[in-house]
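# Close look at the chain arrangement
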Amino acid sequence: MRVTFGVDRRTLLARALLLVGASVVAVPFDALAIADADLLSQAQRATLVAAADTIVPQTDTAGALDVGVPALFEGLLANWAAPATVTALADVLDRLAAL
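This report concerns the structure included in the present document. Remember, predicted model here, so these are calculated numbers, not experimental data.

### Some points on the packing of helix 3 (residues 42-55) against helix 5 (residues 83-97)
Here helix 3 crosses helix 5 at 75°, and the two axes come no closer than 9 Å. Taken together, the axes of helix 3 and helix 5 are roughly perpendicular relative to one another. Each of Q44, T47, L48 and A51 in helix 3 lies in contact with helix 5, whose residues at this interface are A90, L93, D94, L96 and A97. Residues of the contact of helix 3 with helix 5, tallied by class, amount to six nonpolar, two polar and one charged.

### Re the pattern of salt bridges
For the structure shown, the criterion picks out two salt bridges. Among the salt bridges present, the one from E74 reaches R45, with a minimum N-O distance of 2.7 Å. Highlighted residues: E74 in helix 4 (residues 69-79) and R45 in helix 3, separated in sequence by 29 residues. Take R45: its relative accessible area is 22%, and that puts it in the partly exposed class. A salt bridge links R95 to D91; the shortest N-O distance between them is 3.1 Å. You can see R95 and its partner D91 sitting in helix 5, four residues apart, about one turn around the helix.

### Here we look at the nonpolar core
Here is a general trend for soluble globular proteins: nonpolar side chains tend to be buried in one another's company. Of all hydrophobic cores here, the largest spans seven residues; its members are L40, L48, L77, A81, V86, A90 and L93. Examining the composition of this core, we find that three residues originate from one element, helix 5, more than from any other. Beyond its immediate chain neighbours, meaning those up to four positions away, V86 contacts L39, L77 and A81.

Reading the values: the criteria
Residues numbered from 1 in each chain as written. Predicted model: local features only at pLDDT ≥ 70, side-chain atom pairs only at ≥ 80, totals over all residues. Heavy atoms only, no water. Axes fitted to C-alpha atoms, helices over the stretch in contact; angles between N-to-C directions. Helix = DSSP H or I, 4+ residues; strand = E, 2+ residues; numbered from the N terminus. Parallel < 35°, antiparallel > 145°, perpendicular 65-115°, else oblique. Contact = heavy atoms within 4.5 Å. Nonpolar A, V, L, I, M, F, W, Y, C, P; charged D, E, K, R; others polar. Salt bridge = Lys/Arg side-chain N within 4 Å of Asp/Glu carboxyl O. Buried < 20%, exposed > 50% of the residue type's maximum accessible area, 1.4 Å probe, protein only. Core = buried A, V, L, I, M, F, W, Y, C linked by side-chain atoms within 4.5 Å.

Here's what the structure looks like:
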């Protein structure tokens, strides 16, 4: 027996962000996006862009790239994440690129 809940991927991600992102909501998203974070290499940045576009592609609604998810991700790394978290997530991007 297969159980479905009628929740699409975008709704699920939005609800998950509401749960974990409550501490960031008070900050305007533009303040989190930074152009020159220099935390990720060009290869890591390219992997991040590809992953974001794969997870939430543009359809009849905006996709992850349309709303600037990679820049927001780097902004969160620069302004919010602990150094160990930055290193761990950069490593994940390297391993993802190697697949």
